[in-house]
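Okay, here's what each chain looks like letter by letter:
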Amino acid sequence: MNFSVELTEQFLHVKFDSSVRMLSSAILNGGFQKADHFLNTKVDANFRGEKTDFEAPNVTLRRIAHSESWKGNCVGMMTAALMSSFRRVRMEAQSVWIEVLVTSGVSNARRAGDLADYQFMNEDCRKVGTINILVLTNAQLSDASMVECIMMVAEAKAACLQDLQVKSPVSGLLATGTGTDSTAVACGTASRVEYCGKHVLFGELLAKATCQAIYKSLAPDR
């Protein structure tokens, strides 16, 4: 997997030299995708659309990709965090590398199980993401192992927030994330990796890289 990273005050953009398999919870083109670009853009915490008060976030993201003349399929996220929070950590072992890219903030911290801000099923949520994570690896991952990567990132993130004593303003308990976090995993075509959990080396490296990136982003003096 070959890629380039572009970072501005407005967005983080990753361009892949060739399409990659990606799984994400992204607003634009989430789920399993063949991705040529990844976008994480900064918006105001009270974002209501770039052009109208009711523009859907995926429309705004698609417009940004079009205005930048990016060709191919773009997976896009939004965040209220500053792009200056961007950190990246890379780990490698046995010819397999993992790189974690993070932007973060915890003004929207929540603990899983907190009282929801929106109390109707399928109610339109206008909050934007605060801890956004992109995992890149040259390993060839199965669909199941990509899902397991998402799980490992979530657990590592919760552990970091516990270590940093970040609390939910809703319950007053230790937060496990923010209300609108988003995660993406992109994989290559090198060594086949079937398992990504806590018992295997890939899972260890992934969790360590995730934690280090989040620590550096949220607590650079730690």
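Further up the page is the structure itself.
Note that this is a predicted model, so its numbers are computed, not measured.

The next point concerns the environment of Leu 173. Assignment of secondary structure puts Leu 173 in the loop between helix 2 (143-163) and strand 10 (177-178). Relative accessible area serves as the criterion here: at 45%, Leu 173 is assigned to the partly exposed category. Considered as a pair, Leu 173 and Ala 112 are 61 residues apart in the sequence and their alpha carbons are 10.0 Å apart. Beyond its immediate stretch of four places on either side in the chain, Leu 173 contacts Arg 111, Val 166, Lys 167 and Ser 168.

Right, let's get into unusual backbone geometry. The phi torsion at Ser 95 lies on the positive side, around 70 degrees, for a residue other than glycine. Inspection of the secondary structure assignment puts Ser 95 in the loop between strand 5 (87-93) and strand 6 (96-103). A positive phi angle is found at Gln 165, which is not glycine, with a value near 60 degrees. With respect to the secondary-structure elements, Gln 165 resides in the loop between helix 2 and strand 10.

Quick look at the packing of aromatic side chains now. Inspection of the entire model under this criterion finds three aromatic pairs. Between the aromatic rings of Phe 11 and Trp 70, the centroid separation amounts to 5.6 Å while the plane-to-plane angle is 90 degrees, which identifies the pairing as edge-to-face. You can see Phe 11 sitting in strand 2 (residues 11-24) and its partner Trp 70 sitting in the loop between helix 1 (57-67) and strand 4 (74-79), a full 59 residues away along the chain. The two residues Phe 11 and Trp 70 agree in class, both being buried. Following the ring pairs from residue to residue traces out a cluster consisting of Phe 3, Phe 16 and Trp 97.

Rules of the game
- Each chain carries its own residue numbering, running from 1 in the direction its sequence is written.
- Per-residue local features of the predicted model are confined to residues with pLDDT of at least 70, and side-chain atom pairs are confined, for both listing and counting, to 80 or more; whole-chain, interface and lining totals are unaffected and use all residues.
- Remark: hydrogens and water are excluded; side-chain values derive from all non-hydrogen atoms of the structure.
- Per the convention used, a helix needs a DSSP run of H or I reaching at least four residues, while a strand needs a run of E reaching at least two, with both numbered from the N terminus.
- Relative accessibility under 20% of the residue-type maximum defines a buried residue, over 50% an exposed one, and the middle range a partly exposed one, all with a 1.4 Å probe and only protein chains included.
- The contact definition used throughout considers only heavy atoms, calling two residues in contact when any of these lie within 4.5 Å.
- In this analysis, rings of Phe, Tyr and Trp, with Trp reduced to its six-membered ring, are considered paired at centre separations within 6.5 Å, and the interplanar angle assigns stacked below 30 degrees, edge-to-face beyond 60, and tilted for intermediate values.

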